[in-house]
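A look at the structure
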Amino acid sequence: MSTGDGRNSAGPAVSPDEWTSQVATTEEVVDPAAVRAVAALFDDGLATPAPGDPLPPMWHWAALSDWTASGRIAADGHPVRGGFLPPIDLPRRMFAGGEVVLHAPLTVGETIRRESVVDSVVEKKGRTGTLVVVTVSTRIFGAAGRLAVAERQNLIYRAAGASSSRPAVQPAAELLPIGPPLHRVDDWTWEFATDPTLLMRFSAATSNAHRIHYDWPYATHVEGYPGLVVHGPLMTMALAETLRLQGISGRIATLRHRNLKPLFCAEPAMLRRTHAEGDLLTVGLFGRGESDPCVSLEVELAPASTERSRSL
């Protein structure tokens with residue numbers, strides 16, 4: 001993910017009144033090691049993109065991830081607030097979705113320039129009390145200086161929850177690795193399986209230290225969840241991976257993703273296409289027996305005659 005504070009210089013968090021949004025500009029390499037890590041995690045039979053190959057859609061979340069210095073890690077595992085992100089005094093931070101526009105393919109191993117800025121900080125009243133929505137915009141320019149990716153991410157901050165009313169899921173220590181997470185059931189339909197090892201490996205690949213994804217006592221006793229929480233970006237990337245498996249990822253122009261509710265480690269889930277009309281389609285990730293998705297991914301395809309890169 002590209003929303004951490006690790007790109008900023010170390011220092012104490014400031015108060016909201018003292019904080020102003022700053023443009024964070026970095027020069028980075030599309031990391032081949034991170035690309036190999038994601039390919040190994042999905043283990044779905046597709047070739048691992050090598051240096052010089054196009055980067056699959058959404059894989060920049062791993063290939064351009066950022067490790068925050070240990071001295072700037074807060075109690076929840078996130079970077080301390082008050083640097084790039086505002087110092088919001090609400091403990092729960094959630095990835096709510098956003099939009100990714102693909103103007104040109106990034107390639108594995110190339111040097112890029114990334115510019116990120118906090119566009120807005122909006123306080124709202126929700127069913128569970130006060131929440132704050134932070135919108136971050138990022139532009140990624142390829143080696144030739146051409147805009148490759150324009151992205152918007154929405155983060156939600158809210159108060160800590162009480163103990164979950166949902167039944168507790170199986171303790172993480174009792175869960176065994178399940179192998180590849182995606183299993184094709186039918187055309188445009190996959191089972192999605194998770195285990196603590198998968199979540200840990202994704203956390204490492206995306207430099208995400210949020211403890212709800214790997215620290216079962218913290219997730220259940222401090223943040224009040226019934227088990228380890230499956231990463232929102234992992235679910236979104238799994239949906240995007242189905243587009244690679246269907247052979248259409250080279251035509252993707254825009255992806256709009258919404259994280260609507262959590263999925264917990266080892267809970268059965270299905271990925272399936274829910275809508276298709278012309279060059280628009282929607283895929284969703286659903287818990288077992290549920291009619292509303294945990295994550296929805298709306299995809300806008302470029303016309304087949306203008307496919308912008310070879311098959312990924």
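As shown above, the structure is provided for reference.
The structure reproduced in this document is the subject of the present report. Just so it is clear, the structure is predicted and the values come from calculations on it, not from any experiment.

Within the protein, the secondary structure is distributed over 5 helices and 11 strands. Here the protein holds 312 residues, and the buried ones make up 53% of them. Summarising the internal contacts of the protein: among those between residues at least 6 apart in sequence, 73% fall at separations of at least 24. For the protein, the accessible surface area stands at approximately 13,800 Å², while carbon and sulfur atoms represent 52% of it.

For the rest of this paragraph, the subject is helix α5 (residues 232–245). Counted at 1.5 Å a residue, the expected span for α5 with its 14 residues is 20 Å, and the 20 Å between its end C-alpha atoms agrees. The element α5 is extensively covered by neighbouring structure, given that 14 of its 14 residues are classed as buried. Looking one or two residues beyond α5, the residue adopting positive phi is G247, at roughly 80°.

Here we come to the environment of A269. Secondary-structure assignment places A269 in strand β9 (residues 269–277). With 16 residues separating them along the chain, A269 and L285 place their C-alpha atoms 6.7 Å apart. The contacts of A269, once residues within four sequence positions are left out, are W190, E191, F192, L263, L285, F286 and G287.

A large share of strand β8 (residues 252–259) lies buried, amounting to 6 of its 8 residues. One ladder, built from 5 bridges, connects strand β2 (residues 92–102) with β8; its direction is antiparallel. Among the inter-strand pairings, V100 is bridged to a residue of β8, identified as L255.

Conventions used here
- Residues numbered from 1 in each chain as written.
- Predicted model: local features only at pLDDT ≥ 70, side-chain atom pairs only at ≥ 80, totals over all residues.
- Heavy atoms only, no water.
- Helix = DSSP H or I, 4+ residues; strand = E, 2+ residues; numbered from the N terminus.
- Buried < 20%, exposed > 50% of the residue type's maximum accessible area, 1.4 Å probe, protein only.
- Contact = heavy atoms within 4.5 Å.
- Areas by Shrake-Rupley, 256 points an atom, 1.4 Å probe, with all protein chains shown as cover.
- Expected span 1.5 Å × (residues − 1).
- Pairing = 2+ DSSP bridges.

By themselves, these observations are geometric and do not establish any function.
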